[in-house]
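# Chain and residue survey
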Amino acid sequence: MALIVQKYGGSSVADADKIRRVAQRIAATKEKGNRVVVVVSAMGNTTNNLIRLAQQITSEPDERELDVLLSTGELVSCTLMAMALRALWYDAVSLTGAQAGIQTDNSHSRGRIARVDPQRILREIDAGKIVIVAGFQGMTSGSTLEADTTTLGRGGSDTTAVALAIALKADACEIYTDVEGVYTADPRLVPEAVKLKEIGYEEMLELASYGSKVMHNRAVELGEAYNMPILVASSFLEAPGTLIHGGVPMEIRNKVRGIAQDLNVAKITVLGIPDKPGVAAQIFQPLADGGISVDTIVQNASINNLADLTFTVARTDLAKALRVVEPVAKSLGAREVASDSRLGKVSIVGTGMQNTPGYAARMFTTLFKEDINIQLITTAEIRITCIVDEALVPKAVRALHKAFELDKLAV
Ligand code: ASP
Ligand code: MG
């Protein structure tokens, strides 16, 4: 009997009708003779609404309390799903992340899974039950005297599903969502975007980390580390999705595979800082201590021993980052701190660009022809990212999709 882990996203369980429809699909999977474990996200916009509610109480909600609050979203959907299955005469049981054995580190709102103890799930499936697990949450280690609920970061239910699939040695890990799979670009932006039949872990990881909303990047990272293939498919249609795995044939790899965009970008520039050892450390250490992740960093060559340092952070972290950087910049004798929050990132991704010249030039020429000014550039082995004005991002994505002939990609 195969063991299948399925995950259904928030839009797939957004109301009672949708929950009933998903329950039918889960029942059909069980009917085929499989053992089934299902992970669900919170219904529709529940998580956003809970965050908004907390912010109506206080602008800086306590992170421990916030995690418990947010974890309730998934409890609602997983209990309702178990009820929907029981109404169809299937034996189903809902479990919290903690009951499912998801143990995390102590970092609230971005908990990392330390280990999974699948005993309880195994006992339930051995008893013939369909197990429905609340995604996006775990519990810190320790006795009940000290253990606390954590959440895994926005979009974290994907990571719950992949972690469970690995711990249970599942035969398949299937992520069901409101899109039909992974596309060469966001189809809402580029109507000619092509659905990929398969994509390698590394490429998917770059796309997910640079703005593709299809999957949580840490889920892809886990899949790669434990070589667990992940299917992304539609929860509404019976259509073949995209398989993320490690065995994509060479010829398919030898190309640009996708374009991602991210509008959650802000830039901070510290102007006129004395150019001497330790300055960068003094600026970035407090940012790291504050849990703010910094992405692109550029420092120009100094003139008269004064340098400018530019870096990007998530737009949602800008206010916090400025609160950290401004006093440090002042104490270092910098002239000014400037910021811009209306930026976006556009990235091309593909293993084909590794050690092959010409991709960067083609990207820059394409943007130039569209009269798009590039503000910052970063490159990785299989990715090139340009930071541009946020308003120009859609135009940039469309032009790059055409320039790299992704509409003609043989998937
Ligand atoms: N409900 C959580 C969120 O909205 C987790 C998830 O959907 O994966 O981020
Ligand atoms: Mg998601």
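The present account deals with the structure reproduced in this document. Keep in mind the model is a prediction, meaning the values are calculated, not measured. (Residues numbered from 1 in each chain as written. Chains lettered and ligands numbered in written order. Predicted model: local features only at pLDDT ≥ 70, side-chain atom pairs only at ≥ 80, totals over all residues. Heavy atoms only, no water.)

### With respect to the overall build of the protein chain
Keep this limit in mind: Helical segments are the DSSP runs of H or I of at least four residues, strand segments are the runs of E of at least two, and each set is numbered from the N terminus. Radius of gyration here is computed from C-alpha atoms only, and the compact-globule reference equals 2.2 Å multiplied by the residue count raised to the power 0.38. Two residues form a contact once any of their heavy atoms are found within 4.5 Å. Note on areas: Shrake-Rupley, 1.4 Å probe, and residue coverage restricted to the protein chains presented here. Working convention for charge: Lys and Arg count positive, Asp and Glu count negative, and His plus the chain ends are omitted. By convention, charge coordinates are those of NZ in Lys, CZ in Arg, CG in Asp, or CD in Glu.
Each helix and strand counted, the protein chain has twelve helices and 18 strands in total. In terms of overall size, the protein chain behaves like a compact globule, its C-alpha atoms giving a radius of gyration of 23 Å where 411 residues would be expected to give roughly 22 Å. A separation threshold of at least 6 residues defines the contact pool for the protein chain, and within that pool the share at least 24 residues apart is 75%. Total accessible area on the protein chain stands at roughly 19200 Å², and carbon and sulfur atoms take up 51% of it. When the 43 basic and 47 acidic side-chain charges of the protein chain are each reduced to a single mean position, those positions are 3 Å apart.

### Here's the deal with the site of ligand 1
Here is the rule we go by: Any residue with at least one heavy atom within 4 Å of a molecule or strand is counted as near it. As used in this structure description, the phrase polar contact means that two N or O atoms lie within 3.5 Å; if the pair is within protein, one of them must be able to donate a hydrogen and the other to accept it, and residues adjacent in sequence are counted only when both atoms belong to side chains. Amino acids are sorted into nonpolar (Ala, Val, Leu, Ile, Met, Phe, Trp, Tyr, Cys and Pro), charged (Asp, Glu, Lys and Arg) and polar (every other residue, Gly among them).
Around ligand 1 sit Ser41, Ala42, Thr47, Glu74, Phe136, Arg154, Gly155, Gly156 and Ser157, and that is every residue in its neighbourhood. In the environment of ligand 1, an oxygen atom lies 3.1 Å from a nitrogen or oxygen atom belonging to the side chain of serine 41. Within the backbone of glycine 156, an N or O atom sits 3.4 Å from an oxygen atom of ligand 1. For ligand 1, the protein covers 86% of the area, taking 260 Å² as the surface of the free molecule. Split into classes, the residues belonging to the shell around ligand 1 amount to two nonpolar, five polar and two charged.

### Thoughts on helix α6 (residues 201-209)
Each turn of an α-helix holds 3.6 residues, which means side chains three or four residues apart point in the same direction. The following threshold applies: Any residue under 20% of the maximum accessible area for its type is buried, any over 50% is exposed, and the rest in between are partly exposed; the area is computed with a 1.4 Å probe on protein chains only.
Most of α6 is tucked away, with seven of its nine residues classed as buried. Within α6, the full set of buried residues consists of Tyr201, Glu203, Met204, Leu205, Glu206, Leu207 and Ala208.

### Re the sheet that holds strand β17 (residues 376-380)
Where we set the bar: A strand pair is defined by DSSP finding two or more bridges across the two strands. Axis definition: a line fitted to C-alpha atoms, over the contacting stretch in the case of helices. Angles run 0 to 180 degrees between N-to-C directions.
Strand order in the open sheet made by the six strands is β14-β15-β13-β16-β18-β17, with antiparallel pairing throughout. Edge positions in the sheet fall to β14 (294-299) and β17, since each of these pairs with one other strand and no more. Ignoring strand direction, the axes of neighbouring strands in this sheet form an average angle of 30°. Of the pairings in the sheet, the one linking strand β13 (residues 258-274) to strand β16 (residues 336-349) comprises eleven bridges and is antiparallel in character. Across the sheet, alanine 260 pairs through a bridge with serine 347, a residue of β16.

### Points about the nonpolar core
Using the following cut-off: What we call a nonpolar core is a set of buried Ala, Val, Leu, Ile, Met, Phe, Trp, Tyr and Cys residues that are connected through their side-chain atoms within 4.5 Å.
Counting 64 residues, the largest nonpolar core has Val37, Ile121, Met215 and Ile348 as its most contacted members. Ignoring any residue separated from it by four or fewer positions in sequence, one finds methionine 215 in contact with Asp158, Val162, Ile175, Ala208, Val220, Ile230, Val232 and Ile244. Core analysis: the next-biggest nonpolar cluster, separate from the first, contains 23 residues, Val13, Cys78, Ile132 and Ala233 among them.

### Looking at the pairing of strand β12 (residues 242-245)
As paired strands, strand β10 (residues 198-200) and β12 are joined by three bridges and run parallel to one another. Following the sheet pairing, glutamate 198 is matched in β12 by leucine 243. Pairing of strand β11 (residues 230-234) with β12 involves three bridges; the strand directions are antiparallel. Paired with isoleucine 230 across the bridge in β12 is isoleucine 244.

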